[in-house]
Amino acid sequence: GGGGGGGEEAPAALALPQGLETLSLRGNGLGCEGTAAVAAGLPPTLRAIDLSWNSVGAAGAEALAEALGRVGGVSHVLLAANNLKWDDALRIARGMRGGAKLDLRLNELGARRSRGDGEGTRGVLVRV
């Protein structure tokens, strides 16, 4: 098709109610695109989000990190079982405020080179 712009189009934001404080979409098969749509629509009142078991992926993690930085007050993020890597986890953590909890259990985060332990990490609960 014609268009000429080389970049991908941003996903449409999912219409979420303003004033929403808690959102659980656990196990809904969102994938990268669905996660990005949810992230684009997060209201500033959000305090907790559960996107566990959704195959968030790297692109979804990037969109979520940007949204968390924009929203600013989210204190609990549950992302269990999303096949996230360390880079994805760090990107998301950087988008969160200090004191927030990030649940990364059941992700194949891989070995942390700084530790040199050579083992994948399957369970992590982080206070940012």
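Above this note sits the structure.
Since this is a predicted model, take the numbers as computed values, not measurements.

A few words now on the packing of helix α2 (residues 57-71) against helix α3 (residues 86-94). Contact pair α2 / α3: the axes reach a minimum separation of 7 Å and the direction vectors enclose 15 degrees. With respect to each other, α2 and α3 are oriented roughly parallel. Crossing handedness for the pair α2 and α3: left-handed. Contacts between α2 and α3 pair Ala58, Ala61, Glu62, Leu64, Ala65 and Leu68 from the former with Asp88, Arg91 and Ile92 from the latter. Tallied by class, residues from the contact of α2 with α3 come to 6 nonpolar, no polar and 3 charged.

Pairing of side chains with opposite charge becomes possible as their charged atoms draw close. Using the criterion set out here, one finds 3 salt bridges in the structure. Close ionic contact of Asp50 with Arg26 constitutes a salt bridge, the shortest N to O distance being 3.4 Å. One end of the pair, Asp50, is in strand β2 (residues 48-50); the other, Arg26, is in the loop between β1 (22-24) and α1 (31-40), and 24 residues separate them in sequence. Overall, Asp50 belongs to the buried group, its relative accessible area being 11%. Arg105 is the salt-bridge partner of Asp103, the closest N and O atoms lying 2.5 Å from each other. For Arg105, a relative accessible area of 42% puts it in the partly exposed group.

About the cut-offs
Residues numbered from 1 in each chain as written. Predicted model: local features only at pLDDT ≥ 70, side-chain atom pairs only at ≥ 80, totals over all residues. Heavy atoms only, no water. Axes fitted to C-alpha atoms, helices over the stretch in contact; angles between N-to-C directions. Helix = DSSP H or I, 4+ residues; strand = E, 2+ residues; numbered from the N terminus. Parallel < 35°, antiparallel > 145°, perpendicular 65-115°, else oblique. Left-handed = near helix turned anticlockwise from the far one by under 90°. Contact = heavy atoms within 4.5 Å. Nonpolar A, V, L, I, M, F, W, Y, C, P; charged D, E, K, R; others polar. Salt bridge = Lys/Arg side-chain N within 4 Å of Asp/Glu carboxyl O. Buried < 20%, exposed > 50% of the residue type's maximum accessible area, 1.4 Å probe, protein only.

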